[in-house]
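Listed below, chain by chain, are the residues.
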Amino acid sequence: MKKPVNNKAWFLVLPVFLLVAFNALIPLMTVVNYSVQETFGDNVFTWAGVQWFQDVLRSDNFWNALQRQLLFTFIVLAIEIPLGLGIALTMPKQGFWVSVCLVLMSLPLLIPWNVVGAMWNIMALPDIGLLGKAINGLGINYNYTRQPVSAWFTLVLMDVWHWTSLVALLCYAGLVSIPDAYYQAAKVDGARRWAVFRYIQLPKLRHVLTIAVLLRFMDSFMIYTEPQVMTGGGPGSATTFLSIDLVKKGIGQFDLGPAAAMSIIYFLIILALSWLFYTLMMRHQET
Amino acid sequence: MARITLDHIRHSYFPFPKTDEHYALKQVNLEWRDGGAYALLGPSGCGKTTLLNLISGLLVPTEGRLLFDGKDVTRATPEERNIAQVFQFPVIYDTMTVYDNLAFPLRNRGVAEAEVDQRVQEIAAMLDLSKTLRNRASGLTADGKQKISLGRGLVRADVNVIMFDEPLTVIDPHLKWQLRSKLKELHQHTRRTMIYVTHDQTEALTFADTVVVMNHGVVVQTGTPIELFERPRHTFVGHFIGSPGMNLLPAEVKGGTVTFAGETVAVENGAAASSARGKLEIGIRPEFISFGKTGLAADITKVSDTGRFRIVEAVSHGQRVKLLVPEGIAIPAGRAHLAFDAARTRLYEDGWLAGERPGDAP
């Protein structure tokens, strides 16, 4: 049987095509364009092949930044996901305190990212900042502008403060959508608290947790603003993550070719890891 | 197993109930026999599920006491009460296999694996789940899932009572019959107390030995299916049970006799007529009216054939009366006389059978 063909439909999809083209395809292709050519300004381009990709992959800077990035993302996920889930589990289900909790939890998410960086920057100053002074007052030598460990500690703490709410709110939304009958059945079946979590809450939160992990993975892997404001990638290059390294290359040194190549590699890493996470967390769905 | 007593149970979902309207259950006194098959019948929102959750311990009543074998369990947890409950929508543990789902209530109570296996196999065989025992429960159809829920309710041998909260809502009609007779069979086999909540009269009347009819948070009648049919204690029962429902005609009492539109009507509970007050009605089921030479004059307006019966609609003094006429009996054309079976014609006051209004002396 022949299907009716209506070419007018293309006309209706056109606006979306234009939108996607301008906000994704054209910028991405421009980056691809830069990544395989040498440019000296005045729109003069010469072909460079895979030269820039080789340069990036052979540079120690890139591998070091990637290692730091992976470590940072791993620590942040390892803290924020369980902590967010734990907070969601202890939040009240109804009554006055629900709104109080929700508003308090949303506050960190509403603060502009550079303001978050500036806030923590000031708060963690060892001589006048509340946090910095307090830690030093405990007899611990803490100075995030001089010691890599202090800088990392502050950045992780800041990210946990900033983003755990998101995980908690997502999990909370998932938890309240579990029908009461499940809890009632569990009570009748004599299930203990742990069994309720393991066999009802966790399975029902699978999708929500997948989304939370993906969001937090992508965001933390692309983190730029807060460490840039807070430490500027220092001390030395101790907190120079991929994005900071990239900006130094592209904007600082104006190495557009290598920066474009690095952008593409960076993008592919995020895409691959996101796919991996998604597949791993969803693999039980079909069986 | 246990005898269950509900002693002046009242329940409200309001923290500080003031008027009767705030109570989901206004006042319930019931005695459930050990080993009985009960149905709790009533329209949506009448308090059936509330009553069930009070018995299972998911709710604590605002007032009153609940006794299992004379022992006060009003504040005991569901686990302490040792009951089983099957919910309206299937509840399954997604990540477990069918087998583990069925074994869950037993394993939670530390039953030995050998016994778990024996019970699970037995229940699975009863519910035709044996072939799918090793499958993941989340892959099953809605009725497969509900069978698991039923199975989890039935798997423990020592429960005091098994409660079913409209368990067949999600089941296909042809399987409904099958599962219902299966439950009935299970009851006869195990003799465990079962309480079956439903708003479907067919389900209630086929499953239960005793049916408890509820409306607006009050138990309006408790009795066998025959009693509910033949002697409704409340016009609600007459209307809710039977198809078509009971006829109700406005009545007056003059000098001890009951009249409708000036004509005397003989009623079974005539003795209570003289003291009857409030809104008075004569109730008679369509099954108990026949055509006669004398009796109430009426005009026949409509005849519908249902196969075994014909439903005849007639109008008498502006009131519609329905009759159920068996095949083979001629239906007069136009004007007819309706004869009421006096032994099954009753007077109702404010909805209640005259002389049996709650609170009145019996």
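Residues numbered from 1 in each chain as written. Chains lettered and ligands numbered in written order. Predicted model: local features only at pLDDT ≥ 70, side-chain atom pairs only at ≥ 80, totals over all residues. Heavy atoms only, no water.

(A) Representation of the overall build of chain A in the model. The helix and strand inventory of chain A stands at 13 helices and two strands. In terms of C-alpha radius of gyration, chain A reaches 24 Å, well past the compact-globule figure of 19 Å for 287 residues. By its C-alpha atoms, chain A is 80 × 75 × 35 Å across when sized along the principal axes. Looking at chain A as a whole, 40% of its 287 residues qualify as buried. A sequence separation of at least 24 residues applies to 67% of the contacts in chain A between residues at least 6 apart. Total accessible area computed for chain A in this model is approximately 16400 Å², and 70% of it derives from carbon and sulfur atoms. In chain A, which carries 18 positive and 14 negative side-chain charges, the distance between the mean positions of the two groups comes to 13 Å. (Helix = DSSP H or I, 4+ residues; strand = E, 2+ residues; numbered from the N terminus. Rg over C-alpha atoms; globule rule 2.2 N^0.38 Å. Buried < 20%, exposed > 50% of the residue type's maximum accessible area, 1.4 Å probe, protein only. Contact = heavy atoms within 4.5 Å. Areas by Shrake-Rupley, 256 points an atom, 1.4 Å probe, with all protein chains shown as cover. Lys, Arg positive; Asp, Glu negative; His and termini not counted. Charge placed at Lys NZ, Arg CZ, Asp CG, Glu CD.)

(B) Highlighting the overall build of chain B. On a plain count of helices and strands, chain B comes out with nine helices and 22 strands. With respect to the principal axes defined by its C-alpha atoms, chain B has extents near 75 × 50 × 30 Å. A total of 362 residues make up chain B; the buried ones form 52% of that total. A fraction of 66% describes how many contacts in chain B between residues 6 or more apart in sequence connect residues 24 or more apart. Accessible area for chain B stands at about 15800 Å²; split by element, carbon and sulfur atoms hold 52% of it. Positive and negative side-chain charges in chain B, numbering 42 and 42 respectively, have mean positions lying 1 Å apart.

(C) Examining the side chain of Thr164 of chain A more closely. Residue and element names in this part refer to chain A. Here Thr164 is to be found in helix H7 (residues 148-176). A residue is classified by how much of its surface remains accessible, and Thr164, at 5% relative accessible area, is buried. Within the local environment of Thr164, its side chain forms a polar contact with the backbone oxygen of Val160, the two atoms lying 2.6 Å apart. Residues contacting Thr164, with those up to four places away along its chain left out, are Glu80, Leu83, Gly84, Ile87 and Asp159. (Polar contact = N/O pair within 3.5 Å; in protein donor to acceptor, adjacent residues only side chain to side chain.)

(D) Representation of the packing of helix H3 (residues 98-108) of chain B against helix H4 (residues 113-126) of chain B in the model. All names here are of chain B. For the pair H3 and H4, the least separation of the axes is 9 Å and the interaxial angle reads 130°. Here H3 is positioned oblique relative to H4, judged by the angle of their axes. In the crossing of H3 with H4, the sense of the turn from one axis to the other is right-handed. Each of Tyr99, Leu102, Ala103, Leu106 and Arg107 in H3 lies in contact with H4, whose residues at this interface are Glu113, Val116, Asp117, Arg119, Val120, Gln121 and Ala124. (Axes fitted to C-alpha atoms, helices over the stretch in contact; angles between N-to-C directions. Parallel < 35°, antiparallel > 145°, perpendicular 65-115°, else oblique. Left-handed = near helix turned anticlockwise from the far one by under 90°.)

(E) Spotlight on the sheet that holds strand S12 (residues 252-254) of chain B. Residue and element names in this part refer to chain B. With antiparallel pairing, three strands are arranged side by side in an open sheet as S12-S13-S14. The open sheet has two free edges, formed respectively by S12 and strand S14 (263-264), since each of these has just one partner strand. Bridging between S12 and strand S13 (residues 257-260) involves three bridges; their strand directions are antiparallel. Among the inter-strand pairings, Lys254 is bridged to a residue of S13, identified as Thr257. (Pairing = 2+ DSSP bridges.)

(F) Local environment of the interface of chain A and chain B. In this complex, chain A contributes 19 residues to the contact, which on the side of chain B involves 22 residues. Of the roughly 1700 Å² buried between chain A and chain B, counting both surfaces, carbon and sulfur atoms make up 58%. The largest contributions to the chain A side of the interface with chain B come from Val188, Asp189 and Tyr199 of chain A, which together make up 37% of the buried area. Counting across the interface, chain A meets chain B through three salt bridges. Of the charged contacts in the structure, one is a salt bridge between Arg152 of chain B and Asp189 of chain A, with a shortest N-O distance of 2.8 Å. The interface formed by chain A and chain B includes eight residue pairs in polar contact (both at pLDDT 80 or more). Those elements that provide at least two residues to the side of chain A that touches chain B are helix H8 (180-188) and helix H9 (193-204) of chain A. With seven residues, H8 of chain A is the single largest residue contributor to the side of chain A that touches chain B. (Buried area = accessible area lost by both parts, 1.4 Å probe. Salt bridge = Lys/Arg side-chain N within 4 Å of Asp/Glu carboxyl O.)

(G) Molecular detail of the packing of aromatic side chains. All names here are of chain A. Scanning the model with the defined rule gives 19 aromatic pairs over all chains in all. Taking 5.3 Å as the distance between ring centres and 35° as the angle between the ring planes, the aromatic pair formed by Phe217 and Phe221 counts as tilted. Linking Phe217 with Phe221, this pair stays in helix H10 (residues 206-221), spanning four residues, or about one helical turn. Here the two residues Phe217 and Phe221 agree in accessibility, since each one is buried. (Phe/Tyr/Trp six-rings, centres within 6.5 Å; stacked < 30°, edge-to-face > 60°.)

(H) Quick look at the sheet that holds strand S15 (residues 280-284) of chain B. All names here are of chain B. Pairing within the open sheet is antiparallel, and its four strands lie in the order S11-S15-S21-S22. Each edge of the open sheet carries a strand with a single partner, namely strand S11 (247-250) and strand S22 (352-353). Alignment of S11 against S15, held across four bridges, turns out to be antiparallel. Considered in S15, the bridge of Leu249 is made with Ile282.

(I) Spatial organisation of the pattern of salt bridges. Residues and elements named next belong to chain B. Under the criterion given, the structure shown has 24 salt bridges over all chains. Glu63 is the salt-bridge partner of Arg10, the closest N and O atoms lying 3.1 Å from each other. Here Glu63 lies in strand S4 (residues 63-68) and Arg10 lies in strand S1 (residues 4-12), a separation of 53 residues in the sequence. Relative accessible area serves as the criterion here: at 34%, Glu63 is assigned to the partly exposed category. Between Glu203 and Arg180 there is a salt bridge whose closest N-O contact spans 3.9 Å.

(J) Layout of the side chain of Asn269 of chain B. Residues and elements named next belong to chain B. If you trace the backbone, Asn269 turns up in the loop between S14 and S15. Residue class for Asn269 comes out buried when judged on its relative accessible area of 9%. Within polar-contact distance, the side chain of Asn269 engages the backbone nitrogen of Leu347 at 2.9 Å. Among all residues touching Asn269, those that are not within four sequence positions of it are Thr345, Arg346, Leu347, Leu353 and Ala354.

(K) Focus on unusual backbone geometry. All names here are of chain B. With an omega of -5°, the peptide bond running from Ser243 to Pro244 counts as cis. The backbone phi angle of Asp69 is positive, close to 55°, even though this residue is not glycine. Checked against the element boundaries, Asp69 lands in the loop between S4 and strand S5 (71-72). On the accessibility criterion, Asp69 (47% relative accessible area) is partly exposed. Phi at Asp350 is positive, roughly 50°, even though this residue is not glycine. With respect to the secondary-structure elements, Asp350 resides in the loop between strand S21 (346-349) and S22.

(L) Main features of the environment of Tyr142 of chain A. Residues and elements named next belong to chain A. Along the polypeptide, Tyr142 turns up in the loop between helix H6 (130-137) and H7. What makes Tyr142 buried here is its relative accessible area of 4%. The sequence separation of Tyr142 and Leu107 amounts to 35 residues, and the corresponding C-alpha distance is 28 Å. Setting aside its immediate chain neighbours within four residues, Tyr142 contacts Ala124, Pro126, Leu131, Gly132, Ile135, Asn136, Gln147, Ser150, Phe153 and Thr154. Reaching out from Tyr142, the side chain makes a polar contact with the side chain of Thr154 at a distance of 2.7 Å.

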